[in-house]
Amino acid sequence: MNFGFYQPIFYGLLCLLGIAYPTGGSTLTVTPSNEVAVNQRVTLLCEFDSNPVVAQFNKVPQTNPFCQLAEKGGACMTTDCSIGYNLSCPSNTRYSIQVTVTQSWNGETVFCQGAAINEPSNNITFRVTVPVTSVDLLPDQPISVIAEQLMNLTCTTSACNPSANIQWFMSSENITSHSSSKITNDGGFFRTVSSLNFAVKKQDNQKQVFCRASNIPGNNVTSRKQTLHVLYKPEVKSSPSSPYRVEEEHTATLVCTVTAANPNTGITWRWIKTDSPSTVLHNGPSYNISNIQRGRSGSYNCTATNTVGTSEAATIYVDVLYQPEVKSSPSSPYRVEEEHTATLVCTVTAANPNTGITWIWIKTDSPSTVLHTGPSYTISNIQRGRSGSYICTATNTVGTSEPAMTVIDVLYKPEVKSSPSSPYRVEEEHTATLVCTVTAANPNTGFTWIWIKTDSPSIVLHNGPSYNISNIQRGRSGSYNCTATNTVGTSEPATTVIDVLYKPKIGENAVAIVNESERVVLTRNISSNPLSNVYWYDGEELLKNETSVNTTYILLKEAKCTDTKNFTLVASNAKQWNATSLVELIVNCKPRSDDDNFTLGVSDDTLLAFSTTVIAYPKPSYAILFENRTNNPGIVDSLTENGVNNFTVRFNKSTVGQSDYGTYRLYINNTFGGTTIYVNVIPQRSPDSPQIEEIKCNVRSAKVFWKSPFNGGDSQTFQALAINNQQEVSQSENITDSGENLIHGTQLGNLQPSTQYVFYVRAQNRHGNTSSEKRECTTLKDLQDGMALLIGGASAGGIILAVIVIVVLLLIRRYKKHEDGMKENILYVSAGPHLEDTKKSELPIYAAVTKSKPESNDESNVYADVKKGNKKNSATACKDAKPKKGLCKKDVKPKQKTGKKPKNKQEVAETDVYENSENIAMTSNADNLYSNSEHDARMNLDQRGYKNNEGLLYIEVQFDAKKEKGNQIIHGEEEKTDYATVEFPNPTVSKETDSPGNM
């Protein structure tokens, strides 16, 4: 329904019927946020300062609301909303709908207003996040490109919000820096188009190119992957390497190998000699020159060609040689024992030319070291390190002969090593295996071995390279030697140290039983190899830890009854982790209980049952007697052992008579003492009074916390209540008791801002109810309403404001009464506690003014302290009311400003004044006038003024002492639109009240 058409008729009916026109603002909030993901559900809550009759939810710039709600009894009675909305109307000022935000909501602006209140709420604009769902790579056919040329690709995303970022990849390499992007708008959403221009290299062949888009953290989409086909000309190398030396009349073979090419098929080769480049010698990868002659020496080039191009040339230089031929003697192998003399001879068998020959002897493992220059080479006192291949060469003016080799074989006794390396750690009862390895020997065959233990060297343990000790015990730890013998001699011994490891074993001791307050040391021995790390625990609490020990202990300086327990000792080494033993301690102590006085409420139709738990050792005895030490024969009792020192005593009686009421004494004793527990059995009754712990007042609600009392022996419930002006204004639902002396809490709503309430808590059971003491608390001021009023008044102008205020005051006076005697008015704030007059049902409240010197050296400012009067006089009001900071200052004369004529006692000087409250911001400008509010509490205490960005907003307050009676009114001052003047007609008061010092 379009409520706009009916608004004039509705407002006219209100005036004819004398009904107040609803005023006030509205506030629209969205939960969780106006920035949401697509298809997320949100709650729109519209809150009004007064009943809007019908709440409307609108979109800008649409004129028709998309949802209208009316409330009755906390429910939405009439609705005009789309299907799928969840609706809620908890009160006639709170309306909410729950909607699913689709893509179409992106950029939409929503507000709410009341059908009876023409002023709309604040606007809320939605930002809908739509994730990117796809990214397309073009072109979609295979990509072939020649090396060093540019590759051009494009990626385009799906429509999304916010716009997506595109990254380019070649396999794992990020190449986004070679791209550029642009963003286009598509119906309120965005598409990103990215172009890639990248010069490919031959190394990029077969790599995969793709793009990746993301507009929301954690949400990525990847395009299809395209494989690159990079084409490039061949690369070749030639072999053998230059110079290629070849003996005359031999065959020279030159090879041209393609190391890289794409395509690698259809390749052609070309061989030329550099001194005749126009003559093609061969077409093929290998070029053979048979029966080569010295005249064929020179440089040869080869090239390879594919469809892309021709390779760079690879060159081989061919050198045809004539060199001597030699032989060496004696023949190999030449065997000689260590420390004897060896003689080698090099003989030239052929050479061209055969004159001017020089010789060189070298050892093949150090070819750069010349050992001798001559045909014979003698080695005196030869050592095993001189074994090896020796070669001799002969050189003429043409070149050097091929080497002639003699292998010298130096014979020597064995060298051995043992394994594993020391220390060889092996677990007890396992098998230890020792190996003796010959690392060097000549000859290396026909060995014999001997194993001994160093602490009994005369006993041969084993003959062989491996020695196994099965089921080894800790006593076999020690050093073991092995030796090896060949035809030359016996090796030096190799040693292995065996370390036999075994797991921790914690020694067992008898249970420790001590008396309370005695010093206790609990000790344990740990046998292990290696030494163990130990940990003492009390349950899960680590008490102590030590590393690498074989003895450990914990110390209790003074044993307590609660120390009766099993301590846990954990030992760990490399052989075993967490070897555990329980170390039991028992402390002798007399019985004790957490509480020694209980009250038990019972009735004739309930079971008398009681239990309590005590700790004691040894097991205690007990007796249950009346206070006069007589026995109740109908009581059944028992003692249950919960643990070694923990016991529960129970007694019950199935029927209760008058003789069963009274105080019982439960005597519990053992050899170390006793304790007495008093049990008061009383008839069930009403609960004890609850105790209020704390009250927290908010703007329109309050939280009440209280401690639960004894329930009188019956189940109890609680109810919190709030009272104003001797009328109950709010109460909680019944709250179930959670247990005695526990803190309970609830919240009371439907409260008014800046109002003092009295709170109390009522406890009740079947036998009656009790109430807590009453506590006062004042709700907080609603700053938002006050600021909206000031801004609206400044914008509308003084004259319009005056008319509206007069109408509102008249309507409120006629239809509604405020709890302190005034009509309810959002423009009026009560200055203090009202002193009620029981003789009249309705009294005007006047603001009596006192003036005092400001706390500043600037004498140009005057502060008006506002307090409430009553029918009697203002002085009495201040006397009876609880004073607050800034209120009820007496006998202070008004401060006259320099250069102005003072007024009589019926008037206040027209200098600037401030309406005082508990916090006020001083200003250095004597001509500014402020209506004080709580914003100054956020200012630095050193500041002396407050100004907002738009200038100074203020209300001029005039306290004119008029003789005629009547209620105060607020009206606009003539020819002024930026502020309002407030006039307070003067009531009939005493002379003391009328004096200038008390205005």
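In this text, all values refer to a predicted model and were calculated from it rather than measured experimentally.

Counting 27 residues, the largest nonpolar core has Leu28, Leu44, Phe57, Phe66, Ile97, Trp105 and Phe126 as its most contacted members. Once residues within four sequence positions are removed from consideration, Leu28 is found in contact with Leu44, Leu45, Cys46, Phe57, Val110, Phe111, Cys112, Ser121, Asn122 and Ile124. Val132, Cys160, Ile166 and Ile175 belong to the second largest nonpolar core, which has 26 residues in total.

A few words now on the sheet that holds strand β50 (residues 597–602). Ordered by their spatial adjacency, four strands build an open sheet running β50-β56-β55-β52, and the pairing between neighbours is mixed. At either margin of the open sheet sits one strand with a lone partner, and together these are β50 and β52 (621–626). The average undirected angle you get between the axes of adjacent strands in this sheet is 20°. In this sheet, strand β56 (residues 673–683) lies alongside β50 in parallel orientation, the contact comprising six bridges. In the sheet register, Phe598 faces β56, and the bridge partner there is Val679.

A few words on the sheet that holds strand β31 (residues 342–350). Ordered in space as β29-β31-β34, the three strands form an open sheet in which the pairing is antiparallel. With partners counted over all chains shown, the strands left at the sheet margins are β29 (325–329) and β34 (376–379), one partner each. Here the strands of the sheet are splayed against their neighbours by 20° on average, with no regard to which way each runs. Inspection of the sheet shows β31 paired to β34 by four bridges, in the antiparallel sense. Bridge pairing in β34 links Val345 to Ser376.

The next thing to look at is the state of the cysteines. In a disulfide, the sulfur atoms of two cysteines are held together by a covalent bond. Within this structure, the stated rule accounts for nine disulfides. Here Cys67 is linked by a disulfide to Cys81, with a sulfur-sulfur distance of 1.7 Å. Classification of the bridge connecting Cys67 and Cys81 rests on its S-S torsion, roughly 65°, and on that basis the disulfide is right-handed. On the criterion of sequence distance, the pair formed by Cys67 in strand β5 (residues 67–72) and Cys81 in strand β6 (residues 75–81) is long-range, its members being 14 residues apart. Overall, the relative accessible area of 0% leaves Cys67 in the buried class. Under the relative-accessibility criterion, Cys81 is labelled partly exposed at 23%.

Here the focus is the confidence of the model for the protein chain. Averaged over all residues, the pLDDT of the protein chain equals 79, while 76% of them reach at least 70. Within the model, the stretch residues 1–23 combines pLDDT values under 50 with 35 contacts to residues more than four positions away or in other chains. Predicted confidence for residues 815–999 stays below pLDDT 50, and this span has 315 contacts to residues more than four positions away or in other chains.

The next thing to look at is a nonpolar patch on the surface. Taken together, Val521, Tyr553 and Leu555 make up a surface patch of nonpolar side chains, about 250 Å² in accessible area. Mapped onto the elements of the fold, Tyr553 is located in strand β47 (residues 551–556).

For strand β53 (residues 636–643) and strand β54 (residues 646–653), the ladder comprises seven bridges, and the chain directions are antiparallel. Each residue of the ladder has a partner; that of Ser638, found in β54, is Arg650. The turn linking β53 back onto β54 is made up of two residues.

This paragraph deals with the pairing of strand β32 (residues 358–363). Pairing of β32 with strand β35 (residues 388–395) involves six bridges; the strand directions are antiparallel. The residue bridging Trp359 from the neighbouring strand is Ala394, located in β35. Relative to strand β33 (residues 366–372), β32 is paired through three bridges, and the arrangement is antiparallel. When the bridges of β33 are listed, Lys363 appears paired with Ser366. The turn joining β32 and β33, which pair antiparallel and follow one another in sequence, is formed by two residues.

Let us look at the side chain of Asn106. Note that Asn106 resides in the loop between β8 (94–101) and β9 (109–114). One polar contact links Asn106 to Asn161, side chain to side chain, over a distance of 3.3 Å. Dropping the residues within four chain positions of it, Asn106 is found in contact with Phe126, Arg127, Val128, Asn161, Gly188 and Phe189.

This brings us to unusual backbone geometry. The peptide bond linking Asn262 to Pro263 adopts the cis configuration, its omega dihedral lying at 10°. A cis geometry characterises the amide bond from Ser332 onward to Pro333, with omega recorded as -5°. Along the chain, the position of Pro333 falls in the loop between β29 and β30 (334–337). Even without a glycine there, the phi angle at Asn39 is positive, about 70°. Along the chain, Asn39 turns up in the loop between β2 (35–37) and β3 (40–48). Positive phi is not limited to glycine here, since Val53 has a value of about 70°. Owing to a relative accessible area of 35%, Val53 belongs among the partly exposed residues under this scheme.

Here is what the cut-offs are and how they apply
Residues numbered from 1 in each chain as written. Predicted model: local features only at pLDDT ≥ 70, side-chain atom pairs only at ≥ 80, totals over all residues. Heavy atoms only, no water. Core = buried A, V, L, I, M, F, W, Y, C linked by side-chain atoms within 4.5 Å. Buried < 20%, exposed > 50% of the residue type's maximum accessible area, 1.4 Å probe, protein only. Contact = heavy atoms within 4.5 Å. Pairing = 2+ DSSP bridges. Helix = DSSP H or I, 4+ residues; strand = E, 2+ residues; numbered from the N terminus. Axes fitted to C-alpha atoms, helices over the stretch in contact; angles between N-to-C directions. Disulfide = S-S within 2.5 Å. pLDDT = per-residue confidence, 0-100. Patch = residues over 30% accessible without salt bridge, like charges linked within 9 Å, V, L, I, M, F, W, Y side chains within 5 Å. Areas by Shrake-Rupley, 256 points an atom, 1.4 Å probe, with all protein chains shown as cover. Salt bridge = Lys/Arg side-chain N within 4 Å of Asp/Glu carboxyl O. Polar contact = N/O pair within 3.5 Å; in protein donor to acceptor, adjacent residues only side chain to side chain.

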